[in-house]
Amino acid sequence: MMDATMESNRLTPDLSVAGQIFPGDLVRIAQAGFRAVICNRPDGEGVDQSNFAEIEAAAHAAGLEAHDLPVVSGKVSDENAAAFGVARAALPKPLLAYCRTGMRSATLWSFDEGARGRPLPEILSTAKAAGYDLSGVVGRIAAGGRIRKASADLFQSVVVIGGGAGGIAVAASLKARKPDLDIALIEPADVHYYQPGWTMVGGGVFSPAVTARTMASLIPTGVRWSPAWLIDGTKPSRWRGCSRNGCCPGCTGRLC
């Protein structure tokens, strides 16, 4: 079966993504210059797909390599992201990765790009230009494709609420003046926007991308960054300062 509407979207020179492909597409894919295909759709997910064995046979007949890396929709694991990076590095290029719509493949690509250290704004803008909105996985991209784990405890001497320019400056200043100070910065966002610079964007001096950085890259050394939604009791009314150890389970005489 041939899908006349099959088209690919280039993300980087070595990789493009596409929706479901069929055995009859493989000759045309080879003629387009691709040297390998990666399947990111599990067999049997829908009635509109060919299984991987059929794709693999057609790929080999067309002189292409084929790699099976099925990912359940909406459930991209750390292992999936790492395996995609390994396959991308090992297979001959350029590659064509596909799933039902291309979204899973684009997401895996973005996680691998994040792990390689590519700036987050570039990853998002490249994906958007190709037709994929990855705003829902910004946190994963910023974390290098890994799922950020919740921490079970947060006992710090100083807690700074908010990771804007002010919060980061306060944390950095305190740490510089007292290096042994135990500081946590609570900020749910994975991307930091330098808002004072937005006036320069409006004036045409800066591009919007210049004002964006990953939050992780701006946290002062030695300061613990915690996203607020992982912390139990982020309302100040539920906090208390401890004057001695042992006032409550896990107490260390600090904020708890």
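Structure first, text after, so check above.
The structure contained in this document is the topic of the report that follows. What you see is a predicted model, and the numbers here were worked out from it, not measured in a lab. The residue numbers shown here count from 1 along each chain, following its written sequence. The predicted nature of this model means local features are confined to residues of pLDDT at least 70 and side-chain atom pairs, given and counted, to a pLDDT of 80 or more, with totals for whole chains, interfaces and linings taken over all residues. Water and hydrogen atoms play no part in the side-chain values, which are based on all heavy atoms of the structure.

### A few points about the pairing of strand 2 (residues 15–18)
Basically, it comes down to this: Accessible area is worked out with a 1.4 Å probe on protein chains only. A residue is then buried under 20% of its type maximum, exposed over 50%, and partly exposed in between. Secondary structure elements are taken from DSSP: a helix is a run of H or I of four residues or more, a strand is a run of E of two residues or more, and numbering for both begins at the N terminus. Strands were regarded as paired on the criterion that DSSP finds at least two bridges between them.
Residues Leu15 and Val17 of strand 2 are buried on one face, and the alternating residues Ser16 and Ala18, pointing to the opposite face, are buried as well. Judged from the four bridges that link them, strand 1 (residues 8–12) and strand 2 form a sheet pairing that is antiparallel. Counterpart to Asn9 in the pairing with strand 2 is Val17. Between the end of strand 1 and the start of strand 2, which pair antiparallel, lie two residues.

### Remarks on the sheet that holds strand 6 (residues 158–161)
This is how the line gets drawn: Here an axis means a line fitted to C-alpha atoms, over the contact stretch when the element is a helix, while the angle between two N-to-C directions is reported on a 0 to 180 degree scale. Two residues qualify as a contact provided that any one of their heavy atoms is within 4.5 Å of a heavy atom in the partner residue.
As summarised here, the arrangement of the three strands in space is 6-7-10, forming an open sheet in which the pairing is parallel. Two strands lie at the open edges of the sheet, namely strand 6 and strand 10 (224–226), each paired on one side alone. Pairwise comparison of adjacent strand axes, ignoring direction, gives a mean angle of 25 degrees for this sheet. Packing against the sheet, helix 7 (residues 165–177) makes contact with strand 6 and strand 7 (183–186), and its axis sits at approximately 175 degrees to strand 7.

### As for helix 2 (residues 52–61)
Keep this limit in mind: Summarising the geometry, the arc corresponds to the directions from the helix axis toward the C-beta atoms. Polar contact criterion, stated in full: a pair of N or O atoms within 3.5 Å, where within protein one must be able to donate a hydrogen and the other to accept it, and residues adjacent in sequence count only if both atoms are side-chain atoms.
Among the residues making up helix 2, those that are buried are Phe52, Ile55, Ala58 and Ala59. Along helix 2, the residues classed as buried sweep out an arc of 130 degrees about the axis, all on the same side. In this structure, the buried residues of helix 2 make contact with helix 1 (26–31), strand 3 (36–39), strand 4 (65–68) and strand 5 (95–98). The opening residue of helix 2 is Asn51, an N-cap whose side-chain oxygen sits 3.2 Å from the backbone nitrogen of Ala53. Two residues or fewer after helix 2 comes Gly63, characterised by a positive phi angle close to 85 degrees.

### Some remarks on the pattern of salt bridges
Where we set the bar: By salt bridge we mean one thing: a side-chain nitrogen of Lys or Arg within 4 Å of a carboxyl oxygen of Asp or Glu.
This structure, assessed with the given rule, holds eleven salt bridges. The residue Arg28 makes a salt bridge to Asp25 at a minimum N-O spacing of 3.6 Å. According to the relative accessible area criterion, Asp25 is buried, its value standing at 0%. For Glu45, the salt bridge identified is with Arg41, shortest N-O distance 2.5 Å. Given the relative accessible area of 2%, Arg41 is considered buried. One network of salt bridges, with partners in common, ties together Asp14, Arg88, Asp112, Glu113, Arg116, Arg118 and Glu122.

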